[in-house]
Amino acid sequence: QVQLVESGGGLVQAGGSLKLSCAASGRTFSINVMGWYRQAPGKFRELVAVITSAGSTDYAHSVKGRFTISRDNAKNTVYLQMNSLKPEDTAVYYCNLKAPNDQGIVGQAPYDYWGQGTQVTVSS
């Protein structure tokens with residue numbers, strides 16, 4: 001199993017910046033994808049950014065050019081640098097880790113772990 005512990009959320013003015021951190025502990029996966037999702041009241045949870053264990057990244061269109069996802073494999077930590085924040089970015093942000101099924105276990109689902117979520121509020 002994996003535990004994901006998030007930090008860095010809080011209140012910020014529009015145009016400001018925040019940096020979220022997510023530290024993973026427990027079982028390690030050499031091949032995995034970590035990412036950030038967010039959910040605002042009355043809306044579906046949406047993907048913000050993802051990064052593979054090899055360092056490849058992808059972003060939601062709404063945050064491209066403003067957010068940067070990165071990871072430190074030695075620290076088992078993923079980061080989300082958020083710049084030029086907008087009130088529309090206000091949401092609970094969740095850290096996520098996905099990994100392939102174990103070898104040789106028939107029918108096992110892929111691993112899918114979530115952090116507890118951290119509130120990001122952007123004031124206008």
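Everything below is about the structure shown above.
Residues numbered from 1 in each chain as written. Predicted model: local features only at pLDDT ≥ 70, side-chain atom pairs only at ≥ 80, totals over all residues. Heavy atoms only, no water.

A.B. asks: It is not clear to me how the overall build of the protein should be interpreted in this structure. Could you clarify?
C.D. replies: The secondary structure content of the protein amounts to zero helices and eleven strands. In the protein, the order of α-helices and β-strands from amino to carboxyl end is β-β-β-β-β-β-β-β-β-β-β. A principal-axis box enclosing the C-alpha atoms of the protein has dimensions of 55 × 30 × 25 Å. Buried residues in the protein amount to 42% of all 124 residues. Put simply, of all contacts in the protein between residues at least 6 apart along the chain, 55% involve residues at least 24 apart. Carbon and sulfur atoms form 52% of the exposed surface of the protein, whose accessible area is close to 6800 Å². Between the averaged position of the 11 positive side-chain charges in the protein and that of its 8 negative side-chain charges there is a distance of 3 Å. (Helix = DSSP H or I, 4+ residues; strand = E, 2+ residues; numbered from the N terminus. Buried < 20%, exposed > 50% of the residue type's maximum accessible area, 1.4 Å probe, protein only. Contact = heavy atoms within 4.5 Å. Areas by Shrake-Rupley, 256 points an atom, 1.4 Å probe, with all protein chains shown as cover. Lys, Arg positive; Asp, Glu negative; His and termini not counted. Charge placed at Lys NZ, Arg CZ, Asp CG, Glu CD.)

A.B. asks: In this structure, what is going on with the packing of aromatic side chains? I would like to understand it.
C.D. replies: In this description, a pair of aromatic rings is defined by centroid distance and the angle of the planes. In the structure shown here, the tally under the stated rule is four aromatic pairs. Taken together, the ring pairs connect Phe29, Tyr111 and Tyr113 into an aromatic cluster. Directly above the ring of tyrosine 94 sits arginine 45, whose terminal nitrogen or CZ lies 6.0 Å from the centroid. The side chain of arginine 45 reaches across the aromatic face of tryptophan 114, ending 3.8 Å from its centre. (Phe/Tyr/Trp six-rings, centres within 6.5 Å; stacked < 30°, edge-to-face > 60°. Lys NZ or Arg CZ within 6 Å of the ring centre and 35° of its normal.)

A.B. asks: What is the right way to look at the sheet that holds strand β1 (residues 2-7) in this model?
C.D. replies: One open sheet accounts for four strands, arranged β1-β3-β8-β7; its pairing is antiparallel. The open sheet terminates on both sides in strands that have one partner only, identified here as β1 and β7 (67-72). Neighbouring strand axes in the sheet, compared pairwise and without regard to direction, differ in orientation by 15 degrees on average. (Pairing = 2+ DSSP bridges. Axes fitted to C-alpha atoms, helices over the stretch in contact; angles between N-to-C directions.)

A.B. asks: How should the nonpolar core be read in this particular structure?
C.D. replies: A general trend in soluble globular proteins is that nonpolar side chains are found buried together. Residues Leu4, Trp36, Leu80, Met82 and Tyr93 are the most contacted members of the largest nonpolar core, which totals 32 residues. It is strand β9 (residues 91-99) that contributes the most residues to this core, five residues altogether. With sequence-adjacent residues up to four places away left out, methionine 82 is seen in contact with Gly16, Ser17, Leu18, Leu20, Arg66, Phe67, Tyr93 and Val120. (Core = buried A, V, L, I, M, F, W, Y, C linked by side-chain atoms within 4.5 Å.)

A.B. asks: I keep staring at unusual backbone geometry and nothing clicks. Help me out?
C.D. replies: Phi angles above zero are rare outside glycine, and asparagine 76 is one such case at about 50 degrees. Using a relative accessible area of 35% as the deciding quantity, one classes asparagine 76 as partly exposed. Not every positive phi belongs to a glycine, and serine 84 is a case in point at roughly 50 degrees. Note on placement: serine 84 falls in the loop between β8 (77-82) and β9.

A.B. asks: Mind showing me how you'd approach the state of the cysteines here?
C.D. replies: Each disulfide consists of a covalent bond between the sulfur atoms of two cysteine residues. Evaluation of the coordinates by the stated rule reveals one disulfide. One disulfide bridge connects cysteine 22 with cysteine 95, the sulfur atoms lying 2.1 Å from each other. Across the S-S bond linking cysteine 22 and cysteine 95, the dihedral sits near -85 degrees, which makes this disulfide left-handed. Within this pair, whereas cysteine 22 is found in strand β3 (residues 18-26), its partner cysteine 95 is found in strand β9, the two being separated by 73 residues in sequence. Across the pair, cysteine 95 and cysteine 22 agree in class, each one buried. (Disulfide = S-S within 2.5 Å.)

A.B. asks: Looking at this structure, I do not really get the pairing of β1. What am I missing?
C.D. replies: It is a general feature of regular strands that their side chains alternate between the two faces of the sheet. Residues Val2, Leu4 and Glu6 point to one face of β1 and are all buried, whereas Gln3, Val5 and Ser7, pointing to the other face, are not buried. Sheet topology places β1 next to β3; six bridges connect them, and they run antiparallel. Bridge pairing links glutamine 3 to serine 25 in β3.

Function-wise, these values are silent; they only describe arrangement.
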